[in-house]
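# Results of the structural survey
Okay, here's what each chain looks like letter by letter:
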Protein chains: 2
Amino acid sequence: MAPKTPRTTTSAPAAPSGGVSRRGLLAALGSGAVGAGLVGAGVVAAEASARSSSGSSGAGGGSASVVPFHGEHQAGIATDVQANLHFAAFDVTATSRDELVSLLQDWTAAAVALTAGKEVGAGGATGGRPLAPPSDTGEAVDLHANRLTLTVGAGPSLFDDRFGLAAARPAALVDLPAFPADALVPERSDGDLCVQACADDPQVAVHAIRTLTRIAAGRAAVRWAQLGYGRAATVDPGAPTPRNLFGFKDGTANPAASDTATLDDQVWVQPSDEQGAAAWVAGGSYLVARRIRMHIETWDRTSLQEQEQVIGRTKGSGAPLGHAGEHDAFDARTLPASSHVRLAHPSMNGGAQMLRRGYNFTDGTDGLGHLDAGLFFLAYQRDVRKAFIPIQTALARQDALSEYLEHTASGVWAVFPGVPQGGYLGQQLLSV
Amino acid sequence: MAPKTPRTTTSAPAAPSGGVSRRGLLAALGSGAVGAGLVGAGVVAAEASARSSSGSSGAGGGSASVVPFHGEHQAGIATDVQANLHFAAFDVTATSRDELVSLLQDWTAAAVALTAGKEVGAGGATGGRPLAPPSDTGEAVDLHANRLTLTVGAGPSLFDDRFGLAAARPAALVDLPAFPADALVPERSDGDLCVQACADDPQVAVHAIRTLTRIAAGRAAVRWAQLGYGRAATVDPGAPTPRNLFGFKDGTANPAASDTATLDDQVWVQPSDEQGAAAWVAGGSYLVARRIRMHIETWDRTSLQEQEQVIGRTKGSGAPLGHAGEHDAFDARTLPASSHVRLAHPSMNGGAQMLRRGYNFTDGTDGLGHLDAGLFFLAYQRDVRKAFIPIQTALARQDALSEYLEHTASGVWAVFPGVPQGGYLGQQLLSV
Ligand code: HEM
Ligand code: HEM
């Protein structure tokens with residue numbers, strides 16, 4: 001769990017340099033604010049002030065609660081799963097490639113500040129000119145970084161003629177096929193860009209998406225968004241695997257963050273995977289999101305034995321059926337023929353693995369007296385043609401679990417490679 | 001913050017006795033399960049098993065994370081605010097008073113188990129007969145009590161002729177009037193019964209509402225539900241006041257849980273308040289819920305000065321305008337005439353105070369590119385005729401803040417007095 005070191009107010013870091021456009025962020029916060037006057041006056045800058053008032057302390061503070069933003073790969077994928085999710089898909093409304101670049105530069109500057117637990121803009125929430133809108137909306141003041149990660153990707157629709165990116169579309173970024181029993185709501189699906197915000201505090205994740213939305217004004221608009229929760233951030237790392245709303249441990253078979261060989265093989269796009277204009281995607285990954293409504297009332301009327309046969313693991317310990325320990329090795333062919341774990345297992349799918357990072361959701365009711373609840377399935381992989389698509393094809397056809405599920409939304413994105421110091425999100429794609 | 005004492009598996013407590021019907025909970029979990037056969041076999045009982053697997057530890061564990069269920073008043077009102085909310089309103093579908101009583105008895109037995117961090121039913125999530133549905137749905141196994149409180153109340157609609165309760169309707173339980181600019185959605189408003197589940201883990205709160213929903217099958221159905229968040233549970237008690245989505249500290253002027261004189265005066269219904277058949281409500285309170293959509297995009301374009309004039313407090317420290325400290329005493333008449341804090345202040349409202357316990361919400365998007373976000377306002381008070389109604393009347397007419405708000409749902413409930421050992425929720429109302 002997050003260490004309890006009190007956080008001291010740190011001095012503002014230097015403004016991001018290099019690929020990041022300071023002027024862009026000025027304009028972004030300015031346009032969401034009072035327009036050119038504010039920008040002209042130069043009060044809003046791509047600088048960040050520490051997001052803590054003097055004397056405050058608490059968990060989530062301290063630099064150990066900061067997940068570094070820069071690196072070879074984006075954070076938020078092989079990062080230990082945080083407690084809370086706010087996910088948003090955006091329609092790009094920018095009409096030129098330059099505008100798209102400026103948006104991604106501004107998002108980068110903001111993401112650098114936010115993931116460091118800083119307020120965005122020169123004055124932050126309260127330090128600006130009183131007659132100007134604050135550059136930071138303020139609801140995350142005092143909440144620290146709380147392991148915030150922001151992970152950004154580009155959907156198939158970004159690679160149309162609008163920005164001259166058609167040739168740069170990776171061959172692996174295919175449109176997902178329709179699967180049997182899909183019940184997708186188009187307005188809740190897809191999107192030119194996606195942002196996954198994960199943090200150990202819900203308000204920190206929501207503040208981040210709100211801030212990026214605000215910065216995007218005039219250049220991109222939220223298409224849909226989803227809130228999700230795992231467990232409270234108070235649980236220590238040795239804690240048991242979290243459970244989904246069917247009461248089963250979920251995430252057992254995930255590759256470990258430390259297993260870089262498996263991650264290179266299964267999660268990160270390798271330089272050899274794409275050639276030419278699409279080579280930019282090396283170091284990135286593909287994200288599939290599925291909003292899966294779970295029919296918990298029906299499930300709750302099913303016997304324990306039936307539930308375990310459907311999953312292929314025991315409910316209490318999470319062990320594969322016929323085994324004692326959650327992490328025991330097992331032969332998938334010994335599990336029931338239509339069990340979820342058998343059908344999804346790498347050995348039944350040409351060795352393909354995904355890194356699943358889903359969150360539970362509960363969105364009020366369905367209007368029929370039932371909770372509208374389920375799993376917001378998020379899975380990262382090197383190639384959807386080898387992982388999600390064949391696995392979901394098998395599951396949708398044969399999986400006993402499907403009877404209790406309804407896929408209500410879907411999206412796929414090519415997640416940008418990591419951002420080097422001074423670079424910006426998507427630079428590998430947009431600077432060619 | 002929650003202590004880190006590792007939790008040891010405790011033995012199951014004795015089944016609730018006295019007013020609580022063991023048979024009722026049997027039937028409840030049985031009917032949601034495989035019907036009379038299960039009940040006949042006697043495998044599901046109103047007993048609880050500890051909700052932790054052996055060897056698990058972590059925050060949220062330990063008896064200090066348990067808020068006692070029994071007492072003079074229900075927990076969840078003067079309880080230090082927890083990080084997460086799941087609120088549900090129910091339509092009672094029971095057709096007899098006996099059935100209503102059995103529902104409340106079964107809810108009580110379950111609430112005793114849940115708030116103690118136990119699984120519901122004899123076998124819990126995995127210890128029952130394999131051919132029967134588990135008595136507990138399992139997603140909160142290993143998550144401990146996490147300060148779960150369950151707070152239950154009765155809405156005006158419960159006091160019609162269905163259950164012979166018309167004479168017992170408290171005079172103070174008035175229907176809320178329509179306020180200027182209300183934009184209420186009826187399907188998201190009101191309800192015969194309400195349950196407020198608060199915990200320091202979202203999954204614990206969701207599990208509790210799901211469990212009560214399951215137990216209610218055939219006797220009550222969820223009408224609407226709302227998820228809310230405050231801050232992560234990792235923040236220690238000395239932490240700053242949480243902020244709402246307008247970036248201001250929210251809750252500053254609340255009466256302290258230790259200030260029993262103010263609570264008796266302003267929050268708890270006193271024996272002298274109601275006579276005759278309505279006297280049952282003494283020791284209870286009145287809850288007003290308002291789902292308030294906040295137009296954050298408009299707010300974000302407003303200057304810092306304007307924002308502070310609208311609220312009447314400074315954004316950074318939360319101090320009343322013209323003062324230095326958040327908790328400085330102030331004369332409301334020195335604040336701007338149309339400021340929120342001036343208009344809502346006790347001195348402008350005949351001394352009336354409420355205990356506000358609201359949570360922020362973010363429910364996806366509004367379909368127009370904006371986040372559907374705001375405050376799920378929850379306020380407890382001794383008499384809505386003296387507190388919420390006059391205050392909201394003034395606010396809706398004059399408050400500069402109203403311009404940025406839209407009240408989209410509403411409800412009012414008489415919250416039951418506390419449950420003594422062996423008693424059940426609402427017994428004071430239903431046993432007369
Ligand atoms: C609400 C829907 C779903 C539920 C409740 C669910 C539940 C589970 C559970 C309980 C496990 C076993 C524990 C673990 O290894 O994590 C599991 C494993 C797995 N699931 Fe799902 N799952 C769902 C959807 C999906 C989907 C849509 C896919 C992919 C198309 C998928 C792919 C997998 C894979 C690859 C494994 C690991 C199998 C192994 O290697 O042992 N799941 N799931
Ligand atoms: C989204 C809507 C609302 C927002 C953003 C909001 C915000 C605030 C803020 C920032 C404060 C000052 C800090 C504090 O004392 O907690 C406050 C105080 C207060 N608010 Fe609200 N409020 C909202 C709705 C309401 C409503 C609907 C009512 C009642 C009808 C209300 C009644 C009060 C009261 C009684 C106070 C304390 C005043 C005092 O004694 O100083 N608020 N509110």
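Just so you know, these numbers come straight off a predicted model, no measurement behind them. (Residues numbered from 1 in each chain as written. Chains lettered and ligands numbered in written order. Predicted model: local features only at pLDDT ≥ 70, side-chain atom pairs only at ≥ 80, totals over all residues. Heavy atoms only, no water.)

Counting its secondary structure elements, chain A contains ten helices and eleven strands. Every one of the 432 residues in chain A was classed for burial, and the buried ones make up 62%. (Helix = DSSP H or I, 4+ residues; strand = E, 2+ residues; numbered from the N terminus. Buried < 20%, exposed > 50% of the residue type's maximum accessible area, 1.4 Å probe, protein only.)

Next up on the list: the site of ligand 2. Residues and elements named next belong to chain B. Around ligand 2, a shell composed of 28 residues is seen, among which Gly251, Thr252, Ala253, His340 and Arg356 lie nearest. In this structure, Gly251 approaches ligand 2 through a main-chain N or O atom, which is 2.5 Å from an oxygen atom. Between Ala253 and ligand 2, the recorded distance is 2.9 Å, taken from a backbone N or O atom to an oxygen atom. Elements that contribute at least two residues to the shell around ligand 2 include exactly strand 7 (285-294), helix 8 (340-344), strand 10 (371-381), helix 9 (388-398) and strand 11 (405-415). Counting residues per element, the shell around ligand 2 draws most heavily on helix 9, which supplies four residues. (Near = heavy atom within 4 Å. Polar contact = N/O pair within 3.5 Å; in protein donor to acceptor, adjacent residues only side chain to side chain.)

So, on to the interface of chain A and chain B. The accessible area lost on association of the parts is a frequent measure of interface size. With 67 residues of chain A at the contact, the number on the chain B side is 66 residues. Taken over both partners, the interface formed by chain A and chain B buries close to 5400 Å², and the fraction arising from carbon and sulfur atoms is 61%. Run the count over chain A and chain B and you get four salt bridges. Taking the shortest distance from any N to any O, the salt bridge between A:Arg214 and B:Asp300 comes out at 4.0 Å. Inspection of the region where chain A meets chain B yields 18 residue pairs in polar contact (both at pLDDT 80 or more). For the side of chain A that touches chain B, the secondary structure elements donating two or more residues are helix 4 (202-216), strand 6 (220-229), helix 6 (296-300), helix 7 (304-311) and strand 9 (359-365) of chain A. No other element matches the six residues that strand 6 of chain A contributes to the side of chain A that touches chain B. (Contact = heavy atoms within 4.5 Å. Buried area = accessible area lost by both parts, 1.4 Å probe. Salt bridge = Lys/Arg side-chain N within 4 Å of Asp/Glu carboxyl O.)

Moving on, we get to the UniProt feature "domain: Dyp-type peroxidase N-terminal" (unreviewed entry) in chain A. UniProt's feature table lists "domain: Dyp-type peroxidase N-terminal" (unreviewed entry) at residues 74-229 of chain A, given in the numbering used throughout. Along residues 74-229 of chain A one finds 22% helix and 22% strand; the C-alpha atoms at either end are 21 Å apart. (UniProt positions renumbered as here; feature names shortened; annotations may be inferred.)

All names here are of chain B. In contact at an axis separation of 10 Å, helix 3 (residues 97-115) and helix 4 (residues 202-216) are set at 150° when each is read in the N-to-C sense. As the angle between them shows, helix 3 and helix 4 are arranged roughly antiparallel. As helix 3 runs across helix 4, the sense of the crossing is right-handed. Contacts between helix 3 and helix 4 pair Leu103, Asp106, Trp107, Ala110 and Leu114 from the former with His207, Ala208, Thr211, Leu212, Ile215 and Ala216 from the latter. Partitioning the contact of helix 3 with helix 4 into residue classes produces eight nonpolar, two polar and one charged. (Axes fitted to C-alpha atoms, helices over the stretch in contact; angles between N-to-C directions. Parallel < 35°, antiparallel > 145°, perpendicular 65-115°, else oblique. Left-handed = near helix turned anticlockwise from the far one by under 90°. Nonpolar A, V, L, I, M, F, W, Y, C, P; charged D, E, K, R; others polar.)

This brings us to the nonpolar core. In this structure, A:Trp107, A:Leu193, B:Trp107 and B:Leu193 are the most contacted members of the largest nonpolar core, which totals 182 residues. The contacts of B:Trp107, once residues within four sequence positions are left out, are B:Phe90, B:Val152, B:Leu193, B:Val195, B:Leu212, B:Ile215, B:Ala216 and B:Leu425. (Core = buried A, V, L, I, M, F, W, Y, C linked by side-chain atoms within 4.5 Å.)

All names here are of chain A. Residue position: Trp299 is located in helix 6. A residue is classified by how much of its surface remains accessible, and Trp299, at 0% relative accessible area, is buried. The contact partners of Trp299, leaving out residues within four places of it in the chain, are Phe246, Phe248, Gln307, Val310, Ile311, Lys315, Leu401 and Tyr404.

It is worth spelling out the pattern of salt bridges at this point. Under the criterion given, the structure shown has 40 salt bridges over all chains. A salt bridge links B:Arg356 to B:Asp250; its shortest N-O distance comes to 3.3 Å. Here the residue B:Arg356 occupies a position in strand 8 (residues 355-356), and B:Asp250 occupies one in the loop between strand 6 (220-229) and helix 5 (260-266), the gap between them amounting to 106 residues. Using a relative accessible area of 26% as the deciding quantity, one classes B:Asp250 as partly exposed. Connected through salt bridges with shared partners, the residues A:Arg291, A:Arg293, A:Asp363, A:Asp366 and A:Asp372 form a single ionic network.

Quick look at the environment of A:Arg290 now. Residue and element names in this part refer to chain A. Among the structural elements, Arg290 can be located in strand 7 (residues 285-294). With relative accessibility at 1%, the residue Arg290 sits in the buried group. For the pair Arg290 and Gly411, spaced 121 residues apart in the sequence, the C-alpha separation amounts to 6.7 Å. The residues touching Arg290, leaving out its near neighbours within four places in the chain, are Leu176, Phe179, Asp182, Leu184, Leu375, Phe376, Phe377, Phe388, Gln392, His407, Ala409 and Ser410.

Here we come to the relation of the copies chain A and chain B. Superposing chain A onto chain B requires a rotation of 180° together with a translation of 0.0 Å along the rotation axis, leaving an RMSD of 0.0 Å. The superposition operator between the copies reduces to a two-fold rotation axis. Interface overlap between copies: 99% of the residues of chain A at the interface are likewise at the interface in chain B, consistent with a symmetric, same-surface contact. (Least-squares fit on C-alpha atoms with pLDDT ≥ 70 in both.)

Here we come to helix 4 of chain A. Residue and element names in this part refer to chain A. Taking 1.5 Å of rise per residue, 15 residues should cover 21 Å, and helix 4 covers 21 Å from first to last C-alpha, within 8% of that figure. The buried fraction of helix 4 amounts to 15 of the 15 residues, a majority that puts the element mostly inside the structure. The N-terminus of helix 4 is capped by Asp201, whose side-chain oxygen sits 2.7 Å from the backbone nitrogen of Gln203. Once helix 4 ends, the next one or two residues include Gly218, with phi positive near 85°. (Expected span 1.5 Å × (residues − 1).)

What follows concerns the site of ligand 1. All names here are of chain A. Taken together, the neighbourhood of ligand 1 is formed by 28 residues, with Gly251, Thr252, Ala253, His340 and Arg356 sitting nearest. Within the backbone of Gly251, a nitrogen or oxygen atom sits 2.5 Å from an oxygen atom of ligand 1. Interatomic distance of 2.9 Å between a backbone N/O atom of Ala253 and an oxygen atom of ligand 1. At four residues, the largest contribution of residues to the shell around ligand 1 is made by helix 9 (residues 388-398). When the residues that make up the shell around ligand 1 are grouped by side-chain class, the tally is 17 nonpolar, seven polar and four charged.

What follows deals with the UniProt feature "domain: Dyp-type peroxidase C-terminal" (unreviewed entry) in chain A. In this numbering, the UniProt entry assigns the feature "domain: Dyp-type peroxidase C-terminal" (unreviewed entry) to residues 241-419 of chain A. Secondary structure over residues 241-419 of chain A splits into 20% helix and 23% strand, and the C-alpha atoms at its two ends are 31 Å apart.

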